[in-house]
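Architecture and fold: a report
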Amino acid sequence: MLFLLSKRSLSSLLLRSTSHLRGDAISSSCSSSFSNLDGVGRSGIRTLHSLSMLLRNGHLCCSKGTFLDQERVFLFSIFRRFSDASGSGGDTPPPRLDRNFLANLWVSDMKKLKEREKRYGKASTTKHRGDNAVYEQSSDETHYKPTLQQPPVSQSMSGPLKPKTLDEAKIATLLARSNLLITRDIEWANLVLGFEQENRYAVVDVCYPEAPVGSIREQSHVIARQLLRTRRPFVASITDALGNELFRVRRPFWWITSSIYAEIDGEEIGVVHRRWHLWRRIYDLYLGNQQFAVVENPGFWNWTFTVKDADGEVLAQIDRDWRGFGFEILTDAGQYVIRFGKSDAAFKNGPAKMIEELLVKRPLTLSERAVVVALAISLDNDYFSRHGGWGIPFMAVGE
């Protein structure tokens, strides 16, 4: 039987029909006699299998016995017998490739495929789209790679919220919001072993509670944390949902009164100074060298810190929420709500519609809001970070 095939058509046929077939090597010589080919025409699969074995072992020749270039058209000769007879012209019987062998081979391949699907999952690539993230499933293994998206702002960036500088434009995606919920993570090493860890916070917009809009992470020396505790110096990075750093707060070591600085790209934009008082909690907020607000909390069990201007008008408010007896007694995982004022009704959905909006004298600018975020971090370290350092096992604390 003679086949006039090009390289491309031959490769296409082999890839479609003979990727899982196995067989013994064939040895044949190129000659002009093609008399013993009585079993070649039995089925298309056997013929394609013969082509595969000839291509694998290099027995591709023309009737003249010379190898042709890969880019030319080939004239192949196939010499293979699949019959049950022992052959008439050779010393060794031809290899047997019957229907039972192919069936067993198919069953074996199906078992391997099922085992691979159980271990790695189906070989497919699917995308699952969420509210603020797109999850892509790999084709080889079942794992998800989230591609987060920054939730939209809940206040219109116009008027006082319009960015006036490049620094304000950088922090607008995080601070152009009416309410921010800042939640501190549980520090298990601090709870169980008394080992002081770096503070971490998640920042959520109440209008989009499905995912955080940013995060806060402290950076400090491990020895300073164990020895100085709440008086330790540290730098905290405030990032958006994508992990891009927007601005930083820097809190130096203090002995009597604390201070915390808000910085964008290493440039100071504002500072919060604490004033000493026996029981009251008083803070002065500055934007550059000019004071724009003050906080005067009566102390004791009052957990509401109202930011007011020089005339006593409300500009913003920080509430420290009660998270439950276990959280408050055993951990420092506090939760703070920063209320900047009324949000746009078009952005509010779900539970956010039930939140009572804060009435303010004027909306704070983006730079002033960065200073208020620094105030919330300072409050957490000054008054609500009193646990840890006892080294009591967790079960003993629970009892």
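Conventions and cut-offs
Residues numbered from 1 in each chain as written. Predicted model: local features only at pLDDT ≥ 70, side-chain atom pairs only at ≥ 80, totals over all residues. Heavy atoms only, no water. UniProt positions renumbered as here; feature names shortened; annotations may be inferred. Pairing = 2+ DSSP bridges. Helix = DSSP H or I, 4+ residues; strand = E, 2+ residues; numbered from the N terminus. Axes fitted to C-alpha atoms, helices over the stretch in contact; angles between N-to-C directions. Contact = heavy atoms within 4.5 Å. Core = buried A, V, L, I, M, F, W, Y, C linked by side-chain atoms within 4.5 Å. Buried < 20%, exposed > 50% of the residue type's maximum accessible area, 1.4 Å probe, protein only. Phe/Tyr/Trp six-rings, centres within 6.5 Å; stacked < 30°, edge-to-face > 60°. Lys NZ or Arg CZ within 6 Å of the ring centre and 35° of its normal. Arc of directions from axis to C-beta. Parallel < 35°, antiparallel > 145°, perpendicular 65-115°, else oblique. Left-handed = near helix turned anticlockwise from the far one by under 90°. 1 Å grid on protein atoms, 1.4 Å probe; cavity = no way out; pocket = protein on both sides within 12 Å on 5 of 7 lines; lining within 4 Å. Points joined across faces, edges and corners; volume = space filled by probe spheres on them. Nonpolar A, V, L, I, M, F, W, Y, C, P; charged D, E, K, R; others polar.

For the protein chain, the name recorded in an unreviewed UniProt entry is Phospholipid scramblase, with Brassica oleracea var. oleracea as its organism. Quoted verbatim from the Sequence similarities (unreviewed entry) field of UniProt, the annotation for the protein chain is "Belongs to the phospholipid scramblase family."

**Some details on the sheet that holds strand E8 (residues 214-219)**
In spatial order, the strands read E6-E7-E8-E9-E10-E11-E12-E13-E14-E15-E16-E17; together these 12 strands close into a barrel with antiparallel pairing. When strand polarity is set aside, the average angle formed by the axes of neighbouring strands in this sheet is 20 degrees. Here helix H4 (residues 166-175) sits on the sheet in contact with strand E6 (179-184), strand E7 (200-205), E8, strand E9 (234-240), strand E10 (245-251), strand E11 (259-264) and strand E12 (267-275), set at roughly 95 degrees to E10. On the sheet, helix H8 (residues 366-383) packs against E6, E7, E8, E9, E10, E11, E12, strand E13 (281-287), strand E14 (290-297), strand E15 (304-308), strand E16 (314-321) and strand E17 (335-339) and is oriented at approximately 150 degrees with respect to E13.

**Description of the nonpolar core**
By size, the foremost hydrophobic cluster in this structure holds 51 residues, and its most contacted members are Leu175, Ile216, Phe247, Leu285, Ile318, Ile338 and Leu375. Every residue in contact with Leu375, bar those within four places of it in the chain, is listed here: Val272, Tyr283, Leu285, Val295, Val307 and Ile318.

**Section: the packing of aromatic side chains**
This structure, assessed with the given rule, holds 4 aromatic pairs. With a centroid separation of 6.2 Å and an interplanar angle of 35 degrees, the aromatic rings of Trp301 and Trp303 are classed as tilted. Assessed through its relative accessible area of 16%, Trp303 is described here as buried. One aromatic cluster is present, built from ring pairs that chain together Trp301, Trp303, Trp322, Tyr336 and Phe384. Residue placement shows Arg250 over the ring face of Tyr261; its charged tip is 4.6 Å from the ring centre. Here the guanidinium or amino end of Arg320 rests over the ring plane of Trp303, the centre of that ring lying 5.0 Å away.

**Considering H4**
Looking at H4, one finds that the buried residues are Glu168, Ile171, Ala172, Leu174 and Leu175. One side of H4 carries all its buried residues, which in axial view fall inside an arc of 165 degrees.

**Description of the environment of Trp279**
By the element assignment, Trp279 lies in the loop between E12 and E13. Residue classification places Trp279 among the partly exposed residues on the basis of a relative accessible area of 45%. Spatially, the C-alpha atoms of Trp279 and Pro298 are 7.4 Å apart, while their sequence positions differ by 19 residues. Apart from residues no more than four positions distant in its own chain, Trp279 is found in contact with Pro298, Gly299 and Phe300.

**A few points about the packing of H4 against H8**
As a packed pair, H4 and H8 sit with axes 9 Å apart at the nearest point and diverge in direction by 60 degrees. Classified by the interaxial angle, the pair formed by H4 and H8 is oblique. With respect to the hand of their crossing, H4 and H8 are arranged in left-handed fashion. Contacts from Glu168, Ile171, Ala172 and Leu175 of H4 reach H8 at Leu366, Ser367, Arg369, Ala370 and Val373.

**Some words on empty space enclosed by the protein**
Applying the stated rule across the entire model yields 1 cavity of 30 Å³ or more. By volume, the largest cavity is sized at about 40 Å³. Lining the largest cavity, in full, are Leu174, Leu175, Leu180, Ile182, Val203, Ile216, Ile238 and Val373. Mapped onto the lining of the largest cavity, the elements with two or more residues apiece are H4 and E6. Here the lining of the largest cavity is composed, by residue class, of 8 nonpolar, no polar and no charged.

**Focus: the environment of Asp321**
Following the sequence through the fold, Asp321 ends up in strand E16. With residues near it in sequence (within four places) discarded, Asp321 still touches Leu181, Trp303, Glu328, Gln335 and Val337.

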